[in-house]
Amino acid sequence: MMITLTHYLVIGCILFAISMYGVFTRRNAVALLLAIELIMLAVALNFTAGTRFLGDAGGQIFAIFVITVAAAEAAVGLALVIAIYRNQKDVDLDRLTILKG
Amino acid sequence: MSNWFILLPEIILAFTIMLVLIVDLISTSCQRLWLGVLSLVGILLTVICLWIVPSGAFGEAFLNDGLARFIKSIVLLALLLVVLFSWDFDKVWGRPLGEYLVLLLSSGLGILFLASGTEMILLYIGLELTTFPLVLLTAYCPADKKSAEGGLKFLVLAALGAAVLLFGFSLIYAAAGTTQLQALVPALIQTGNTPLVLMGLLCILAGLGFKMALVPFHMWVPDAYEGAPTAITAFLSVAGKTAGFVLAIRILATGFPVQVSEWSRIFAVLAAVTMCLGNFAAIPQTNMKRLLAYSSIAQAGYIVMGLVAFQVLGLSSILYYLTAYLFANLAAFGVVIAVERSSRSVELSAYHGLAMRSPRLALIMLLALLSLAGIPPLAGFAAKFYLFAAVYSEGYIWLVVLAVLNSALSLYYYLKVIRAIYIQKPAADAVQPVTVPLALTIVLVVTTFGILALGVYPSPIVDLAREVVVLFLTP
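All figures in this text were calculated on a predicted structure; none of them were measured in a lab.

Thresholds applied
- Residues numbered from 1 in each chain as written.
- Chains lettered and ligands numbered in written order.
- Predicted model: local features only at pLDDT ≥ 70, side-chain atom pairs only at ≥ 80, totals over all residues.
- Heavy atoms only, no water.
- Salt bridge = Lys/Arg side-chain N within 4 Å of Asp/Glu carboxyl O.
- Buried < 20%, exposed > 50% of the residue type's maximum accessible area, 1.4 Å probe, protein only.
- Core = buried A, V, L, I, M, F, W, Y, C linked by side-chain atoms within 4.5 Å.
- Helix = DSSP H or I, 4+ residues; strand = E, 2+ residues; numbered from the N terminus.
- Axes fitted to C-alpha atoms, helices over the stretch in contact; angles between N-to-C directions.
- Parallel < 35°, antiparallel > 145°, perpendicular 65-115°, else oblique.
- Left-handed = near helix turned anticlockwise from the far one by under 90°.
- Contact = heavy atoms within 4.5 Å.
- Nonpolar A, V, L, I, M, F, W, Y, C, P; charged D, E, K, R; others polar.
- Buried area = accessible area lost by both parts, 1.4 Å probe.
- Polar contact = N/O pair within 3.5 Å; in protein donor to acceptor, adjacent residues only side chain to side chain.
- Phe/Tyr/Trp six-rings, centres within 6.5 Å; stacked < 30°, edge-to-face > 60°.
- Lys NZ or Arg CZ within 6 Å of the ring centre and 35° of its normal.

Caption draft 1: Focus on the pattern of salt bridges. Overall, the coordinates contain 11 salt bridges over all chains when judged by the stated rule. Across the pair Asp90(A) and Arg95(A) runs a salt bridge, and its minimum N-O distance is 2.8 Å. On the basis of relative accessibility, which here comes to 18%, the residue Asp90(A) falls in the buried class. According to the relative accessible area criterion, Arg95(A) is exposed, its value standing at 55%. If you follow the salt bridges from partner to partner, you end up with Lys146(B), Glu149(B), Lys153(B), Asp223(B), Glu226(B) and Arg290(B) in one network.

Caption draft 2: Expanded view of the nonpolar core. Residues Tyr100(B), Trp220(B), Phe256(B), Phe267(B) and Leu307(B) are the most contacted members of the largest nonpolar core, which totals 233 residues. Examining the composition of this core, we find that 22 residues originate from one element, helix H7 (residues 145-176) of chain B, more than from any other.

Caption draft 3: View of the packing of helix H14 (residues 312-343) of chain B against helix H17 (residues 379-393) of chain B. Residues and elements named next belong to chain B. Look at H14 against H17: their axes get within 9 Å of each other, and the N-to-C directions meet at 160°. On the basis of their axis angle, the class for H14 and H17 is roughly antiparallel. In this structure, the crossing between H14 and H17 has a hand that is left-handed. Judged by residue contacts, Leu 313, Gly 314, Ser 317, Ile 318, Tyr 320, Tyr 321 and Ala 324 of H14 engage Ala 379, Gly 380, Ala 382, Ala 383, Lys 384, Tyr 386, Leu 387, Ala 390 and Ser 393 from H17. Grouping the amino acids of the contact of H14 with H17 by side-chain chemistry returns 11 nonpolar, 4 polar and 1 charged.

Caption draft 4: The interface of chain B and chain A, seen in detail. In this complex, chain B contributes 44 residues to the contact, which on the side of chain A involves 45 residues. Note on chain B versus chain A: buried area summed over both sides is about 3700 Å², and carbon and sulfur give 80% of it. Scanning the region where chain B abuts chain A turns up 0 salt bridges. On the surface where chain B and chain A come into contact, there are 5 residue pairs in polar contact (both at pLDDT 80 or more). Every element with two or more residues in the side of chain B that touches chain A is listed here: helix H6 (120-138), H7, helix H9 (195-212), helix H10 (220-227) and helix H13 (288-308) of chain B.

Caption draft 5: Just the packing of aromatic side chains, in detail. Summed over all chains, the structure comprises 21 aromatic pairs over all chains. Pairing Phe16(A) with Phe167(B) gives two aromatic rings, centres 4.0 Å apart and planes at 5°, and the pair type is stacked. Here the residue Phe16(A) occupies a position in helix H1 (residues 5-25), and Phe167(B) occupies one in helix H7, the pair thus bridging two chains. The burial state of Phe16(A) is the same as that of Phe167(B); both residues are buried. By way of ring pairs, the aromatic residues Phe47(A), Phe62(A), Tyr124(B), Phe169(B) and Tyr173(B) are connected into one cluster. Stacked on the ring of Trp51(B), the Lys or Arg Arg69(B) has its end atom at 5.9 Å from the ring centre. Residue placement shows Arg95(B) over the ring face of Tyr140(B); its charged tip is 5.1 Å from the ring centre.

Put into structure tokens, the structure is as follows:
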């Protein structure tokens, strides 16, 4: 069987669906950040596959940028999670309810 | 071949950021004044440069056209006023000023790139350069539990929004094979509206919804606005919103003009839901920052109507609305900051009897809120008038009726604040007039002048906005 661009896109969409499920069911901040990282991986996969099959280098360059920014995002996110954990001993978004209304 | 000169405003701002960082490192604590002065000079130089450099493209990714210049001027003005807001930030909040200014200016730099980007990679990097510093600034006082919590919630939802937008980009890329927005148009005409393209477009619209804070993607707004230091809330509400709208205009107008009937219908529904929910949720609020947060969601609902009426009139009224909104919102936040400095509170009860204690501050708040509500002859009225006229001429009469009803509804909670200021008696322990430092006074004078001038004599800005949009739509 020939592996086509569609196969890669389907895998990308499945990864996206799994991470969306994670976003809506998990309330732990670290798990949420993980789920969002998973979307970034799906994006990187789509772009790389696009480059392979469409012959445009832009996708691979974009994938490198996505991975880099995802790392920066994880750094900012985990720094905030640690700051909150020191303060409140909890990183569950449902129990962080000083701000609401 | 490439014309570096076009990037000059961005280069100057980037150098200012590095210079502030270095000066912060080598200066002693009594030389903090220089950090603010340096930032102001850098921003002013950037503004001057912006109007000197010629229009044109740098490579295929960066375009300095009239629209970019207009948006950049709005953002730089907001940046300038917010730096003045934070003049003695280190004293009031007890946190270092140097890094604060660096983050603030970096976020501004991100918006400058967003306003000029015509290529997905640049737009994405610009977007993240805008968002991450804002997240860090929101959580800048981690000892304050609200600040850290607001920052985390902001980060999670902003990252989710950016990731969904990015997923949309990747699907569109897989369909069209290019990251260049102009090149998308012929490629997408060739492929037609396949499910892949429509799904990509839908993801992009959802991502843009997060950035423009449209319902149902607005959950981060009240928490981030309440948790952030007030000067940052002001910047988020003005520049953050401007960034969202310019991103939407760039992506949709340049990349997806063919699919206009699909996305304008979606935006019509989102606009209706956003303004209703924003206004209804604002009514019971007693915290001024939260009230203004919901008010800004409702304002986003009005502004997005300009995208529904995707013509010269619609787009130019978005630009005019953003200008009017800048002055009114920054004036309101200026008064909030002044009151917060003296009473350490952003609750509505701190405003009781403000008219007796500080009649001038009370008057500024009155003008700002009436402008936000759209009462003539203030800036907000002209802005709403042009916007509603544009939507009406496109045939969305139900949307205009709903928007007018919503404006009337919004008057209710704006008047609630005005009632607290003018009618209720001040608390027994709060009879001193509110002291306003010089930097804040400058902001209040500028913004009040803006509210009145744009309301009485709107034509220069309206003409400029129209000229810019005509050039933008007919390349």
